[in-house]
There are 2 protein chains.
Amino acid sequence: MERAEDGGCAGRARDREATRRRILASARELFTSEGYAKVSSRRIAAHAGVNVALINRYFGAKRGLLAEVIAEEAAFPGIVEGDREGLPRRLAEHVVHRTLAGGTPLARALEHSAGDPDLKSVHEERLKNAVIGPLAEVIGGPEARARASLVASVILGVGLVRRIEGAASLNELEPDRLVDHLAAVIGACLAEGAPG
Amino acid sequence: MERAEDGGCAGRARDREATRRRILASARELFTSEGYAKVSSRRIAAHAGVNVALINRYFGAKRGLLAEVIAEEAAFPGIVEGDREGLPRRLAEHVVHRTLAGGTPLARALEHSAGDPDLKSVHEERLKNAVIGPLAEVIGGPEARARASLVASVILGVGLVRRIEGAASLNELEPDRLVDHLAAVIGACLAEGAPG
DNA sequence: GGTATAAGTAAACAGTGTTGACTTGTCAAG
DNA sequence: CTTGACAAGTCAACACTGTTTACTTATACC
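Residues numbered from 1 in each chain as written. Chains lettered and ligands numbered in written order. Predicted model: local features only at pLDDT ≥ 70, side-chain atom pairs only at ≥ 80, totals over all residues. Heavy atoms only, no water.

## A short note on the overall build of chain A
1) Next: The helix and strand inventory of chain A stands at 10 helices and 0 strands.
2) Next: Looking at chain A residue by residue over its 196 residues, the buried ones come to 48%.
3) Next: Within chain A, residue pairs in contact and separated by at least 24 positions form 66% of the contacts whose partners lie at least 6 positions apart.
4) Next: Total accessible area on chain A stands at roughly 9300 Å², and carbon and sulfur atoms take up 49% of it. (Helix = DSSP H or I, 4+ residues; strand = E, 2+ residues; numbered from the N terminus. Buried < 20%, exposed > 50% of the residue type's maximum accessible area, 1.4 Å probe, protein only. Contact = heavy atoms within 4.5 Å. Areas by Shrake-Rupley, 256 points an atom, 1.4 Å probe, with all protein chains shown as cover.)

## Concerning the interface of chain A and chain B
1) Next: In this complex, chain A contributes 51 residues to the contact, which on the side of chain B involves 51 residues.
2) Next: Interface area for chain A against chain B, summed over the two sides, is near 4300 Å², with a carbon-plus-sulfur share of 67%.
3) Next: It is Leu150, Ile164 and His181 of chain A in chain A that bury the most area against chain B; as a group they hold 14% of the surface buried on that side.
4) Next: Here chain A and chain B share 2 salt bridges between them.
5) Next: Linking chain A with chain B are 7 residue pairs in polar contact (both at pLDDT 80 or more).
6) Next: Secondary structure elements with two or more residues in the side of chain A that touches chain B: helix H7 (105-112), helix H8 (120-139), helix H9 (144-165) and helix H10 (175-190) of chain A. (Buried area = accessible area lost by both parts, 1.4 Å probe. Salt bridge = Lys/Arg side-chain N within 4 Å of Asp/Glu carboxyl O. Polar contact = N/O pair within 3.5 Å; in protein donor to acceptor, adjacent residues only side chain to side chain.)

## Some remarks on the domain arrangement of chain A
All names here are of chain A.
1) Next: Domain parsing of chain A yields domain 1 (4-65) and domain 2 (87-190).
2) Next: Look at where the C-alpha atoms of domain 1 and domain 2 centre, and you get two points 29 Å apart.
3) Next: Listed per partner, the contact involves 7 residues of domain 1 and 11 residues of domain 2.
4) Next: In this assembly, domain 1 packs against domain 2 so that about 680 Å² is buried in total across both faces, 60% of it on carbon and sulfur atoms.
5) Next: Between domain 1 and domain 2 we count 1 salt bridge in total.
6) Next: Connecting domain 1 to domain 2 are 1 residue pair in polar contact (both at pLDDT 80 or more).
7) Next: In terms of residue count, helix H2 (residues 16-34) provides more of the side of domain 1 that touches domain 2 than any other element does, 4 residues in total.
8) Next: The residue inventory of the side of domain 1 that touches domain 2, partitioned by class, reads 2 nonpolar, 3 polar and 2 charged. (Domains from an automatic or database assignment. Nonpolar A, V, L, I, M, F, W, Y, C, P; charged D, E, K, R; others polar.)

## Some remarks on the side chain of histidine 123 of chain A
1) Next: Relative to the helices and strands, histidine 123 of chain A is located in helix H8.
2) Next: On the basis of relative accessible area, histidine 123 of chain A is assigned to the buried category, the value being 5%.
3) Next: Discounting chain neighbours no more than four positions away, the residues touching histidine 123 of chain A are Leu110, Ser113 and Ala114 of chain A together with Ile164 of chain B.

## Side note on the pattern of salt bridges
1) Next: Per the stated rule, a full pass over the model turns up 25 salt bridges over all chains.
2) Next: Between arginine 20 of chain A and glutamate 68 of chain A there is a salt bridge, with its nearest N and O atoms 2.0 Å apart. With arginine 20 of chain A in helix H2 and glutamate 68 of chain A in helix H5 (residues 62-71), the pair connects residues that are 48 residues apart, well separated along the chain.
3) Next: A relative accessible area of 18% places arginine 20 of chain A in the buried class.
4) Next: For glutamate 68 of chain A, a relative accessible area of 28% corresponds to the partly exposed category.
5) Next: Note that lysine 120 of chain B is salt-bridged to glutamate 124 of chain B, the shortest N-O span being 3.8 Å. Taken together, the residues span about one helical turn, with lysine 120 of chain B and glutamate 124 of chain B both in helix H8 (residues 120-139) at a distance of 4 residues.

## Let's talk about the relation of the copies chain A and chain B
1) Next: Laying chain A over chain B is done by rotating through 180 degrees and shifting 0.0 Å along the axis; what remains is an RMSD of 0.1 Å. What we have between these two chains is a two-fold relation. Relative to the rotation axis, the closest C-alpha in chain A is found at glycine 157 of chain A, a distance of 1.9 Å.
2) Next: Most of the interface of chain A is mirrored in chain B, where 100% of its interface residues again form contacts. (Least-squares fit on C-alpha atoms with pLDDT ≥ 70 in both.)

## Quick notes on helix H5 (residues 62-71) of chain B
Count 3.6 residues to each turn of an α-helix, and residues three or four apart come out pointing the same way.
1) Next: Where H5 of chain B is concerned, the buried positions are Lys62, Leu65, Leu66, Val69 and Ile70 of chain B. End-on view of H5 of chain B: buried residues confined to an arc of 120 degrees, all on one side of the axis. (Arc of directions from axis to C-beta.)

## Considerations on the packing of aromatic side chains
Residues and elements named next belong to chain A.
1) Next: Per the counting criterion, the structure on display carries 2 aromatic pairs over all chains.
2) Next: When the ring of phenylalanine 31 is compared with that of tyrosine 36, the centres are 5.3 Å apart and the planes differ by 50 degrees; the resulting orientation is tilted. Residues phenylalanine 31 and tyrosine 36 agree in their burial class; the two are buried.
3) Next: Sitting over the ring of tyrosine 36, lysine 62 keeps its end group 4.2 Å from the ring centre. (Phe/Tyr/Trp six-rings, centres within 6.5 Å; stacked < 30°, edge-to-face > 60°. Lys NZ or Arg CZ within 6 Å of the ring centre and 35° of its normal.)

## Overview of the state of the cysteines
1) Next: Within this structure, the stated rule accounts for 0 disulfides over all chains.
2) Next: In this model cysteine 189 of chain A remains outside any disulfide bridge; the closest cysteine sulfur is found in cysteine 189 of chain B, 8.0 Å from its own.
3) Next: Judged by its relative accessible area of 0%, cysteine 189 of chain B is buried. (Disulfide = S-S within 2.5 Å.)

## Some details on the environment of alanine 27 of chain B
Residues and elements named next belong to chain B.
1) Next: The residue alanine 27 is located in helix H2 (residues 16-34) in this model.
2) Next: Distance in space between the C-alpha atoms of alanine 27 and valine 39 is 8.6 Å, their sequence separation being 12 residues.
3) Next: Residues within four places of alanine 27 in sequence aside, it is in contact with Thr32, Ile44, Leu65 and Val69.

## Some details on the side chain of threonine 32 of chain A
All names here are of chain A.
1) Next: Residue placement: threonine 32 occurs in helix H2.
2) Next: By relative accessible area, threonine 32 is classed as buried at 10%.
3) Next: A polar atom in the side chain of threonine 32 sits 2.6 Å from the backbone oxygen of arginine 28.

Shown next as structure tokens:
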């Protein structure tokens, strides 16, 4: 019964892996352009040229499809790897450029579904492992996770407000000044001294 | 045909207003305890002892019901009315106490549905009129709205992270220190000087 | 008391995510 | 080359969702 383990091409017919990839690719494309809630399972299946039931067969549920899509992408590509001192500025630049350019596809997918109760566990895992965890590691020191959590709040918050408000207010500031401002805010999140 | 305008009790049968209030009360209760997405129209109607179709008759759509629910409550009760200097601390205390106590019912309803595309317009109006607007007025000066928008980002972001993560990381800090910290962060949002 | 008119109702619509029973293609053994 | 097993793929249904339409019924005025 475990004859598939030797070569990898044993009990396979009609190419399971290719079908999986096709579904995943369609989901990524549709989720990132229209958001999780607006894209139905049947539409993803149709786009992939595949039967709807295969989504649940291969990914358990629609939720699992999003989980796999967002797991594929790095949250902060090349940002946490660097000196701690420049971290606020690098993060600020990342956020502002995402904000102005309409965001990376993944970021948009996340912002679309930030509060969806059905996706709480997906976002929870992502937030802890890909955002707060790496940030806390660079930050170091006591209460690193709390500080990382604050930084994450700012980043997610700016994304959320941008998505709700269309960045109307934020665009009052020139991009460069916005980066300066945001770097200062993130810096305040990281500050160690107790003000009181 | 306008005979209802003289006394207020003319063309009314079976008490339209009472029914409206009953629906609204049920919606408020269910939305705030379980979130917008998890509560169906039929459940609200059943809870109110009313026919489902009346929700759409009186509120246009389920969306309209939430809009009316959140419109009833003040976003920052007694916080924007005060001196500008103490604003960051008052906001920080508000956010932290909401965070630790599980949030006001309304805040939870909002956090539950922050990214829902169907509710974008509802949240947009609320954010502009009840959050960014009043904040910008207290803040004053040039780019007041941009600064207010940043503050709103921090507040919404903290709520969102708390909701996703269960406040696990944020609770590493004692409440008092968290207030200090958050006040500093919000203060940085309001700072006018260009750092560069 | 009859009647217009509003309030309230029931049933259907088109859509969702998900599931279980079914068919079919493919590969290995006889 | 046929046969059988098993996985891949299909189909139709399920229990929901929000919303609309045509309908019934109770009320307040003439």
